[in-house]
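The chain contents come next:
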Amino acid sequence: MTGPIVMTPVARVVGGRIEPTDDYWGGTRSIIRIEPDAYTEASVAGLDEFSHLEVVFFFHLTDQADLNPGARRPRENPEWPEVGIFGHRNMRRQNWIGVSRCRLLSIDGLDLHVEDLDAVDGTPVLDIKPWFAEMGPRGEINQPAWVSEMLSAYFAPARD
């Protein structure tokens, strides 16, 4: 398939942060409001049995002209190596899609109350999936040291 793929949001993020930032997402609470014209409460039946969700969303606030498909340094830090676009998880991507795992706190109708979702108010949500432990990584996990250094404050408590 080489042509465009058209997607329709299933929900929007309500509340939480209003601007994307690099760090301090810990404790951020927001609502994933499922589109009531497309879904009924039956769409969330059984979801309350899960502690975490995997959320796929569209980076709607990103300047889509700010795309570098080559290599660059994460957060422009000269101490970290240049890595290619597929070695990053940031918003500067061809299709502007983000993936986040967050804690499901409660469900109120079609409102999913969540914590630690790193998407801002108004973000279009493309899909919502319950987190299955069995779908997580299998085997040993490896990553370069710069990733842990870069993300050391990512889910630290939000600063006022």
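Please refer to the structure higher up on the page.
Residues numbered from 1 in each chain as written. Predicted model: local features only at pLDDT ≥ 70, side-chain atom pairs only at ≥ 80, totals over all residues. Heavy atoms only, no water.

Engineer: Let's hear about the pairing of strand 6 (residues 97-108): which residues, and what values?
Structural biologist: Across seven bridges, strand 3 (residues 52-58) lies against strand 6 in antiparallel orientation. Bridging across to strand 6, Leu53 finds its partner in Cys102. In terms of strand pairing, strand 6 meets strand 7 (residues 111-115) through five bridges, oriented antiparallel. Directly across from Asp108, in strand 7, lies its bridge partner Asp111. Counting the residues between successive antiparallel strands, the hairpin from strand 6 to strand 7 contains two residues, one of them, Gly109, with a positive phi of roughly 65 degrees. (Pairing = 2+ DSSP bridges. Helix = DSSP H or I, 4+ residues; strand = E, 2+ residues; numbered from the N terminus.)

Engineer: Describe the sheet that holds strand 8 (residues 124-130), listing the residues and the values that go with them.
Structural biologist: The strand order around the closed barrel built from six strands is 1-2-7-6-3-8, with neighbouring strands paired in antiparallel fashion. The average undirected angle you get between the axes of adjacent strands in this sheet is 45 degrees. Pairing geometry for strand 3 and strand 8, over five bridges, is antiparallel. Residue pairing across strands places Val55 opposite Ile128, the latter belonging to strand 8. (Axes fitted to C-alpha atoms, helices over the stretch in contact; angles between N-to-C directions.)

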